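Listed here are the chains, written in short residue letters.
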Amino acid sequence: MAIISRGFGGRRRESVDGLPPGQYLTHDFPVLSAGPTPRIPLDRWHFTITTETGQKTEWNWTEFLALKSEDVTTDIHCVTKWSKLGTTWRGVSLDTLLEDVDTAADYTMVHSFGGYTTNVPLEDLLDSKAWIAYKFDGEDLEPEHGGPARMIVPHLYFWKSAKWVNGLTLMNEDEPGFWEAAGYHMYGDPWLEQRYQGD
Amino acid sequence: MNPLDGNALAGDLRELFAVDVTVARYTCAGCGHADAVATLLLWGHGMGQVARCPHCSDVVLRMVHAPDRVFLDLRGSVRLELPLAGS
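Our subject in this report is the structure included herewith. (Residues numbered from 1 in each chain as written. Chains lettered and ligands numbered in written order. Predicted model: local features only at pLDDT ≥ 70, side-chain atom pairs only at ≥ 80, totals over all residues. Heavy atoms only, no water.)

## A few points about the overall build of chain A
Looking only at helices and strands, chain A features two helices and 11 strands. If you list the helices and strands of chain A from N to C, you get β-β-β-α-β-β-α-β-β-β-β-β-β. Across its three principal directions, the C-alpha atoms of chain A cover 70 × 40 × 35 Å. When each of the 199 residues of chain A is scored for burial, the buried share is 51%. Accessible surface, chain A as shown: approximately 9900 Å² in total, 49% of it carbon and sulfur. (Helix = DSSP H or I, 4+ residues; strand = E, 2+ residues; numbered from the N terminus. Buried < 20%, exposed > 50% of the residue type's maximum accessible area, 1.4 Å probe, protein only. Areas by Shrake-Rupley, 256 points an atom, 1.4 Å probe, with all protein chains shown as cover.)

## Remarks on the overall build of chain B
Scanning chain B from terminus to terminus reveals one helix and eight strands. Taken over the C-alpha atoms alone, chain B extends approximately 35 × 30 × 20 Å along its principal axes. By the burial criterion, 36% of the 87 residues in chain B qualify as buried. Within chain B, counting contacts between residues at least 6 apart in sequence, those at least 24 apart form 46% of the total. Approximately 4600 Å² of chain B is accessible, and the part contributed by carbon and sulfur atoms is 52%. Here chain B holds 7 positive side-chain charges and 9 negative ones, and the gap between their average locations is 5 Å. (Contact = heavy atoms within 4.5 Å. Lys, Arg positive; Asp, Glu negative; His and termini not counted. Charge placed at Lys NZ, Arg CZ, Asp CG, Glu CD.)

## Concerning the pattern of salt bridges
Residues and elements named next belong to chain A. The full count for this structure, using the stated rule, is 10 salt bridges over all chains. Across the pair Glu 180 and Lys 160 runs a salt bridge, and its minimum N-O distance is 2.7 Å. One end of the pair, Glu 180, is in the segment after strand 11 (165-171); the other, Lys 160, is in the loop between strand 10 (150-152) and strand 11, with 20 residues separating them in the sequence. In this pair, the class of Glu 180 matches that of Lys 160, namely buried. (Salt bridge = Lys/Arg side-chain N within 4 Å of Asp/Glu carboxyl O.)

## Details of the interface of chain B and chain A
Across the contact, 18 residues belong to chain B and 18 residues belong to chain A. Buried surface at the junction of chain B and chain A, summed over both partners, amounts to about 1600 Å²; 67% is from carbon and sulfur atoms. Interface area lost by chain B to chain A is led by Trp 43, Met 47 and Arg 62 of chain B, which between them contribute 37%. In this structure, the salt-bridge partner of Arg 69 of chain B is Asp 199 of chain A, at a minimum N-O distance of 3.8 Å. For the pair chain B and chain A, the number of links is six residue pairs in polar contact (both at pLDDT 80 or more). Looking at the side of chain B that touches chain A, the elements with two or more residues in it are strand 5 (49-52), strand 6 (59-65) and strand 7 (70-73) of chain B. (Buried area = accessible area lost by both parts, 1.4 Å probe. Polar contact = N/O pair within 3.5 Å; in protein donor to acceptor, adjacent residues only side chain to side chain.)

## Description of the packing of aromatic side chains
Residue and element names in this part refer to chain A. Under the defined criterion, the tally for this structure stands at 19 aromatic pairs over all chains. Note on Trp 61 and Phe 64: the rings are 5.7 Å apart at their centroids and 40° apart in plane angle, and the pair reads as tilted. Residue Trp 61 and its partner Phe 64 are located together in helix 1 (residues 61-65), separated by three residues, close to a single helical turn. Accessibility expressed as a relative area gives 13% for Trp 61, which makes it buried. (Phe/Tyr/Trp six-rings, centres within 6.5 Å; stacked < 30°, edge-to-face > 60°.)

## Details of the pairing of strand 7 of chain B
All names here are of chain B. A one-sided burial pattern is seen for strand 7, the buried positions being Phe 71 and Asp 73 and the unburied ones Val 70 and Leu 72. Of the pairings in the sheet, the one linking strand 6 to strand 7 comprises four bridges and is antiparallel in character. Across the sheet, Val 64 pairs through a bridge with Phe 71, a residue of strand 7. Connecting strand 6 to the next strand, strand 7, in antiparallel fashion are four residues. (Pairing = 2+ DSSP bridges.)

Printed below as a string of structure tokens:
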């Protein structure tokens, strides 16, 4: 037994493994919205990948659910400083969706019902780094959390994980999405605290 | 989650401007609707303030507070019309 106490550590964030700098642990699932929550009937849901040459590949809900899906357990980090560890999702890998898409582009813009957009480099969507999730914690994804389906790109700040996703556009040049155009970082690596432009 | 109205922007905008911008008249770039900034629908939770046109719901104004900077994005507004004091 140590003779000298190391003292009470409290809930210091550096004492929790898996928390990027400046983040705080939450056990809730906060809802952040920049507009009204879209309610998307499943018979009107679609997801479209558009290449830089205009070629389109589209799935409806039935076709999307027929794709190979995966269970994913991952930590998520919101730029508003909360992190949630060990979240469980089920969804379709972007590797699967992009498998037969012919592109030479390096960048993508993710699009959502309701008009939200966010830019992500293509390589950050490949090699088991991103999914379109339709279940959270074993249940259908609720509209407040992006249901029926949302992007999950957990190695980037969570604004890159677009709710209510409906499309992906491949681009030769990087362009800012909704929050990036309003001052947030173009890439958003939580481990480098890339919150705002210039960080 | 329900929005507030644009009056809730008054404090943040007063940090930036010498006048009360909530009484300014905006013109929406999406639909051309014009009214006072105070009538915008404000989604003020989370990453920043997002003010939407009550007529077409397009984003008219976005404000993001970084620790050392404020970003004010007005691309959704064709113009702001501000009354001058004493006129």
